[in-house]
Amino acid sequence: MRKWAASILFAVLLPFLLAGCEMIRTVNLQNRAIVQGVGVDWDGGQYVVTMQIFSPEGSGGQTIVDPSKENAQIITCKGASIAEAVENSALTQGKDFYLGHNRILVLGEEAAKQPLWGLFSYFVNSLDSRPDVSLLVTDGKAADILNVGIKQSILPAMSIENTVRNAQESGLSEEVYLIDAMEGLAQPHRSILIPYIELVEEGGEEESLRSVQMKGMGVFSSSGFLGKVEEKDLKGLLFLRDTIKNTVYTLDNQEYQRAAVQLYQRKTIITPEITGDQVRFTATIYTRWTLMEKNMRPGADFTEESLRRLETQLEEQIAKECLGAFETTVKGYVSDAFYLGDLVWREQPELWEKLREDWPQGLLNSGLDCRVDVRIDRTGLESVE
């Protein structure tokens, strides 16, 4: 009986399934242009879209990859919308673009000033796009980043993607995906962060070497660009967001001429303290460190007390950086990059209904207390006297 019911159900649904297949256009692989990186600029009221296309440059044929080559081709197109720009380019270059392997999406300075929700919508609505593409922003043109010509990996876009991830592993940045940005923009009270990347040229006039490096984080809201978090506040920002990883601090004091410690474990918990309509936040940061390098001053000894003083010094340094990041992003840019509104909503939903309309403006009257716990428990010694 169940087999008959299943057969009847399949017969009923089959026409609808076949009709759905017709909605997805099929294209032969030889007619596909495999996109590895996308840059979006804004110029004269039009979007300028730069796409880095996979194009193997091996000597043994079109499908052989030569790691010493760029293995990429650059396509540039313009349009009143991103969809129009891509369509126009597909008409002129003879292939359909496939975004399923795209790795990075770079926003130029002028494009980043446009409403991000509309800018991202093409990449979200495209059937062959992917939501886990790394987002980046640059002070110049996105086209320059895509044209940098890096030959450190099989593909330039792959090298840029690796640069982003290495910066995150080193505590110098945070990798942000398109899906993360869209989730943040869907909540009007939130702000989102996008890593900054810049073009670096080294060498003399005869031979110039070009590369890219991470340089801070951009703060955005649904209304547009708010400001940039520079290096001095960057680690504090990442500690408060609980996204910092294997970062290194180098300190000196009356006992240590140089002491380098590396983070290997951390946890940040931010809690709201609500009194009436006033909100204040406490960030408790637990950290564990490895003593990687030490150079004692003449006459100084490595003792338990000297290690504790080093921990206290690091606690004060991290707290200072966190307070600086809070002042810059929350007070200076009037943003909620730490999702503090969500904490108030969970603690007191009724109060949040009163505050949400003016949030993050309401954060201007708030404050932050920072409690940092530093333990250097990997010293490389069996005992400390």
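Description of the structure in this document. Values in this document were obtained by computation on a predicted structure and should not be read as measured data. (Residues numbered from 1 in each chain as written. Predicted model: local features only at pLDDT ≥ 70, side-chain atom pairs only at ≥ 80, totals over all residues. Heavy atoms only, no water.)

Along the chain, the regular secondary structure elements total 10 helices and 13 strands. The proportion of buried residues among the 385 residues of the chain is 46%. At a minimum sequence separation of 6, the contacts of the chain that also span at least 24 residues come to 69%. A total accessible area of about 20300 Å² is found for the chain, and carbon and sulfur atoms account for 49% of it. (Helix = DSSP H or I, 4+ residues; strand = E, 2+ residues; numbered from the N terminus. Buried < 20%, exposed > 50% of the residue type's maximum accessible area, 1.4 Å probe, protein only. Contact = heavy atoms within 4.5 Å. Areas by Shrake-Rupley, 256 points an atom, 1.4 Å probe, with all protein chains shown as cover.)

Okay, the environment of serine 191 next. Along the chain, the position of serine 191 falls in the loop between α6 (178-185) and β7 (192-203). In sequence terms serine 191 and serine 221 are 30 residues apart; their C-alpha atoms lie 4.6 Å from each other.

The subject of this paragraph is the nonpolar core. Core analysis: the biggest nonpolar cluster contains 51 residues, and Phe239, Phe281, Trp289, Ile318, Leu340 and Val344 have the highest contact counts within it. No other element matches helix α8 (residues 304-332), which puts 9 residues into this core. (Core = buried A, V, L, I, M, F, W, Y, C linked by side-chain atoms within 4.5 Å.)

With that settled, consider the packing of helix α3 (residues 116-125) against α6. Running from amino to carboxyl end, α3 crosses α6 at an angle of 135 degrees, the nearest separation of the two axes being 11 Å. The angle between α3 and α6 places the two elements in the oblique class. In the packing of α3 onto α6, the handedness of the crossing is left-handed. On the side of α3, the interface is formed by Leu116, Trp117, Phe120, Phe123 and Val124, while α6 contributes Leu178, Ala181, Met182 and Leu185. Split by residue class, the contact of α3 with α6 holds 9 nonpolar, no polar and no charged. (Axes fitted to C-alpha atoms, helices over the stretch in contact; angles between N-to-C directions. Parallel < 35°, antiparallel > 145°, perpendicular 65-115°, else oblique. Left-handed = near helix turned anticlockwise from the far one by under 90°. Nonpolar A, V, L, I, M, F, W, Y, C, P; charged D, E, K, R; others polar.)

For helix α7 (residues 231-240), a buried count of 8 out of 10 residues is recorded, marking the element as mostly surrounded by other parts of the structure. For α7, every residue scored as buried is listed here: Asp233, Leu234, Lys235, Gly236, Leu237, Leu238, Phe239 and Leu240. Taken from the residues just after α7, aspartate 242 is the one with a positive phi, measuring 60 degrees.

Moving on, we come to the side chain of glutamate 255. Here glutamate 255 is to be found in the loop between β10 (248-251) and β11 (256-275). Once you skip the residues sitting within four places of it in the chain, glutamate 255 turns out to touch Met296, Arg297, Ala300, Ser306 and Arg309.

It is worth spelling out the packing of α7 against α8 at this point. Where α7 contacts α8, the axes come no closer than 7 Å and their chain directions differ by 95 degrees. One element, α7, and the other, α8, form an angle in the roughly perpendicular class. Taking contact as the criterion, the partners of Lys232, Asp233, Lys235, Gly236, Leu237, Phe239 and Leu240 in α7 are, on α8, Ile318, Glu321, Cys322, Gly324, Ala325, Phe326, Thr328 and Thr329. Of the residues that constitute the contact of α7 with α8, the class distribution is 7 nonpolar, 4 polar and 4 charged.

Further remarks concern the pattern of salt bridges. Between side chains of opposite charge, pairing is possible as soon as their charged atoms come close. Going through the model one piece at a time under the given rule, you end up with 23 salt bridges. A salt bridge links glutamate 255 to arginine 309, with the nearest nitrogen and oxygen atoms 2.7 Å apart. Here glutamate 255 is found in the loop between β10 and β11, whereas its partner arginine 309 is found in helix α8, with 54 residues between them in sequence. Given a relative accessible area of 10%, glutamate 255 falls into the buried group. Classification of arginine 309 as partly exposed rests on a relative accessible area of 40%. (Salt bridge = Lys/Arg side-chain N within 4 Å of Asp/Glu carboxyl O.)

Right, let's get into the side chain of serine 173. For serine 173, the position within the fold is in the loop between α5 (156-169) and α6. Serine 173 gets classed as buried once you look at its relative accessible area, which sits at 1%. In contact with serine 173, other than residues within four places in its own chain, are Ala167, Gln168, Pro195, Met214, Met217 and Leu238.

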